[in-house]
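Each chain, written out:
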Amino acid sequence: MKTKSQKLLIDGPVGVLEVEALWQHENPEDANTKGVALLCHPNPLFGGTMTNKVVTTMFNFARDAGMHVVRFNFRGAGKSTGEHDYAKGEIEDAMAVLQWISLQTPARKLWLGGFSFGGYITARVAEQLMVTPHIWGLSDMELVKVVLMAPSVENNDASDVLLPTQKTLEIYGEADNVIKPHLMQQFADDKQIASYVVEGAGHFFHGRLTEIRSLLEQHAL
């Protein structure tokens, strides 16, 4: 039986954020669930929302791996209020959702995942948790994995981002037509993180979601 998810509006930095939360056994306080995943979606200026199929693939993977799972719409997307802030305010959005998560569940092993624009935001969220967790009241969160799906390192400068090297991995398509593949590989090399290339796949991994799922099962647990 699949666990049901719930959609709700929570307080955000500029109004409300639309959140979809799936709690294992429909109980955020389930004592046996130690992990929780937070997922970030692609750029809303180009139609990206939390129901994006790559995000959904990560959502289903985390659910089936026994984690609580939360995804949300950035400001200005879906029912979330506010306007797009070109990756600055969106980091605050993600941190606000994390703070909300920390109040809902005792699960503290955090799995972060993001696609495209959301991949960049995810990297910055991981950095916040490494450098300034106390500012957010999240010092007890333990980063266990950071998954960057075709992160927008071409459009957003991630050259200075700090990542937990051994816990981070990148997945991108060999034929990505939005973000240059060689720049994503260069990013992985510079940051000394594992990278996995889906041969022949474009940016949105059309027809390749089962391969993404397989890579997650092999390398992201």
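Use the structure listed above.
Residues numbered from 1 in each chain as written. Predicted model: local features only at pLDDT ≥ 70, side-chain atom pairs only at ≥ 80, totals over all residues. Heavy atoms only, no water.

Colleague: Please provide a residue-by-residue account of the overall build of the chain, values included.
Modeller: A count of helical and extended segments in the chain gives 6 helices and 8 strands. Starting at the N terminus and walking to the C terminus, you meet the elements of the chain as β-β-β-α-β-α-β-α-α-β-β-α-β-α. Against the compact-globule benchmark of 17 Å for 221 residues, the chain has a radius of gyration of 16 Å, which places it among compact chains. The principal-axis extent of the C-alpha atoms belonging to the chain is close to 40 × 35 × 30 Å. Residues classed as buried in the chain amount to 55% of the 221 residues present. In the chain, once contacts between residues fewer than 6 apart in sequence are set aside, the share between residues at least 24 apart is 73%. Counting 19 positive and 26 negative side-chain charges, the chain places the averaged centre of each group 5 Å from the other. (Helix = DSSP H or I, 4+ residues; strand = E, 2+ residues; numbered from the N terminus. Rg over C-alpha atoms; globule rule 2.2 N^0.38 Å. Buried < 20%, exposed > 50% of the residue type's maximum accessible area, 1.4 Å probe, protein only. Contact = heavy atoms within 4.5 Å. Lys, Arg positive; Asp, Glu negative; His and termini not counted. Charge placed at Lys NZ, Arg CZ, Asp CG, Glu CD.)

Colleague: Got a sec to walk through the pattern of salt bridges? Specific residues and values, please.
Modeller: Between side chains of opposite charge, pairing is possible as soon as their charged atoms come close. Under the definition given, this model contains 11 salt bridges. For the salt bridge of Asp-64 with Arg-63, the shortest nitrogen-to-oxygen distance reads 2.8 Å. For Asp-64, a relative accessible area of 41% puts it in the partly exposed group. Between Glu-211 and Arg-208 there is a salt bridge whose closest N-O contact spans 2.5 Å. On the basis of relative accessible area, Glu-211 is assigned to the partly exposed category, the value being 32%. Overlapping salt bridges bring together Arg-63, Asp-64, Arg-213 and Glu-217 as one network. (Salt bridge = Lys/Arg side-chain N within 4 Å of Asp/Glu carboxyl O.)

Colleague: Describe the environment of Gln-104, and please don't skip the residues or the numbers.
Modeller: Tracing the backbone through its elements, the reader meets Gln-104 in helix H2 (residues 89-104). The class of Gln-104 is partly exposed, set by a relative accessible area of 27%. Measuring from C-alpha to C-alpha, the distance between Gln-104 and Asp-190 comes to 36 Å, with 86 residues separating the pair along the chain. Setting aside residues no more than four positions away along its own chain, Gln-104 makes contact with Trp-23, Pro-28 and Glu-29.

Colleague: Could you give an account of the packing of aromatic side chains, naming the residues involved and the relevant values?
Modeller: This model, assessed by the stated rule, comprises 6 aromatic pairs. Ring centres of Phe-61 and Trp-111 lie 5.6 Å apart, and the angle between their planes is 50°; on these two criteria the pair is classed as tilted. Pair noted here: Phe-61 is in helix H1 (residues 53-64) and Trp-111 is in strand E5 (residues 109-115), with a separation of 50 residues, a long-range link. Both rings, one in Phe-115 and one in Phe-204, keep their centres 6.1 Å apart while their planes meet at 80°; by these two values the pair is edge-to-face. Here Phe-204 lies in the loop between strand E8 (194-198) and helix H6 (209-219) and Phe-115 lies in strand E5, a separation of 89 residues in the sequence. On the basis of relative accessible area, Phe-115 is assigned to the buried category, the value being 0%. (Phe/Tyr/Trp six-rings, centres within 6.5 Å; stacked < 30°, edge-to-face > 60°.)

Colleague: Explain H6 to me, using residue names and the numbers behind them.
Modeller: Taken together, the buried positions of H6 are occupied by Ile-212, Leu-215 and Leu-216. On an axial view of H6, the arc spanned by its buried residues comes to 100°, and they lie on one face. Those residues of H6 that are exposed and angled more than 90 degrees off the buried face are Thr-210 and Gln-218. The inward-facing, buried residues of H6 abut H1, E5, strand E6 (142-149), strand E7 (168-173) and E8. (Arc of directions from axis to C-beta.)

Colleague: Would you mind going over the nonpolar core in detail, with residue names and values included?
Modeller: Formed by 70 residues in total, the largest nonpolar core has its most connected members in Trp-111, Ile-121 and Phe-205. Per-element accounting of this core gives the leading share, 8 residues, to H2. Discounting residues that sit within four places of it in the chain, Ile-121 has contacts with Cys-40, Phe-74, Ala-87, Glu-90, Ile-91 and Ala-94. (Core = buried A, V, L, I, M, F, W, Y, C linked by side-chain atoms within 4.5 Å.)

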